[in-house]
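# An overview of the molecular structure
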Amino acid sequence: MAAVIMMVGLIGLIEAVAVASSTMDRARRETVATQIIGHEIEKLYFSSWTTIAALPTASTAITIDSQFDQARLALGDDKSGTALVRFSLARTVTSPDPVTNIREVNFTVTWIVTTSRLSGGSRVTFTYTRANSAWYGKYGLPLSYTQS
């Protein structure tokens with residue numbers, strides 16, 4: 001009887017470690033995705049209004065900055081079709097308001113996690129996204145709001 005109780009306890013501990021490990025993996029990926037978006041927002045803050053006004057309004061795929069390569073490799077993104085995790089970045093821009101000259105820029109990081117589990121002979125994948133947006137004004141955001 002004691003052996004059964006010990007086995008149940010050990011199985012519970014193993015399951016707890018597995019759940020904690022997968023939760024930490026997901027948290028790491030979300031952190032990297034948030035950092036990628038923050039980096040893109042900051043890059044545009046330092047851009048001129050001419051650059052921001054020239055951005056296309058259609059959804060555009062953006063190359064993720066190379067400074068994130070080490071973090072992405074650590075999470076399993078080897079930039080090939082066999083990666084365990086594949087990150088991608090997209091940007092969508094609202095058309096400018098001619099009165100206030102304000103644009104909203106939306107960034108979305110999507111990552112696909114390929115697991116070792118099989119379903120119907122192929123590996124199971126999960127898709128996650130993280131999105132954020134920022135506002136940019138021709139004369140600075142506060143001044144643009146007061147003009148409207």
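The structure contained in this document is the topic of the report that follows. (Residues numbered from 1 in each chain as written. Predicted model: local features only at pLDDT ≥ 70, side-chain atom pairs only at ≥ 80, totals over all residues. Heavy atoms only, no water.)

Moving on: the sheet that holds strand E4 (residues 122-137). In space, the four strands of this open sheet follow the order E1-E2-E3-E4, with antiparallel pairing throughout. Both edges of this open sheet fall to strand E1 (60-62) and E4, since each of them pairs with a single strand only. Each adjacent strand pair in this sheet contributes to an overall mean axis angle of 25°, direction not counted. Bridging between strand E2 (residues 85-93) and strand E3 (residues 102-119) involves nine bridges; their strand directions are antiparallel. Note on E3: the bridge partner recorded for Ser88 is Thr110. (Pairing = 2+ DSSP bridges. Helix = DSSP H or I, 4+ residues; strand = E, 2+ residues; numbered from the N terminus. Axes fitted to C-alpha atoms, helices over the stretch in contact; angles between N-to-C directions.)

Along the chain, the position of Pro96 falls in the loop between E2 and E3. A C-alpha to C-alpha distance of 9.7 Å links Pro96 and Ile52, two positions 44 residues apart in sequence. If near-sequence neighbours (up to four positions away) are discounted, Pro96 is found in contact with Ile102 and Arg103. (Contact = heavy atoms within 4.5 Å.)

Turning our eyes to something else, we now look at the packing of aromatic side chains. Per the counting criterion, the structure on display carries three aromatic pairs. Relative to Tyr136, the ring of Tyr45 lies with its centre 4.9 Å away and its plane at 55°, an arrangement referred to as tilted. Note that Tyr45 is positioned in helix H1 (residues 2-45) and Tyr136 in strand E4, a separation of 91 residues in sequence. Look at Tyr45 and you get partly exposed, because its relative accessible area is 43%. Pairing Phe87 with Trp111 gives two aromatic rings, centres 5.9 Å apart and planes at 25°, and the pair type is stacked. Within this pair, whereas Phe87 is found in strand E2, its partner Trp111 is found in strand E3, the two being separated by 24 residues in sequence. Given a relative accessible area of 9%, Phe87 falls into the buried group. For Trp111, a relative accessible area of 1% corresponds to the buried category. Members of the aromatic cluster, each reached through a chain of ring pairs, are Phe87, Trp111 and Tyr128. (Phe/Tyr/Trp six-rings, centres within 6.5 Å; stacked < 30°, edge-to-face > 60°. Buried < 20%, exposed > 50% of the residue type's maximum accessible area, 1.4 Å probe, protein only.)

This paragraph deals with the side chain of Thr115. Among the secondary structure elements, Thr115 is positioned in strand E3. When its relative accessible area of 14% is taken as the criterion, Thr115 is described as buried. Here Arg117 takes part through its backbone nitrogen, which lies 3.3 Å from a polar atom of the side chain of Thr115. A distance of 2.8 Å separates a polar side-chain atom of Thr115 from the backbone oxygen of Val124. (Polar contact = N/O pair within 3.5 Å; in protein donor to acceptor, adjacent residues only side chain to side chain.)

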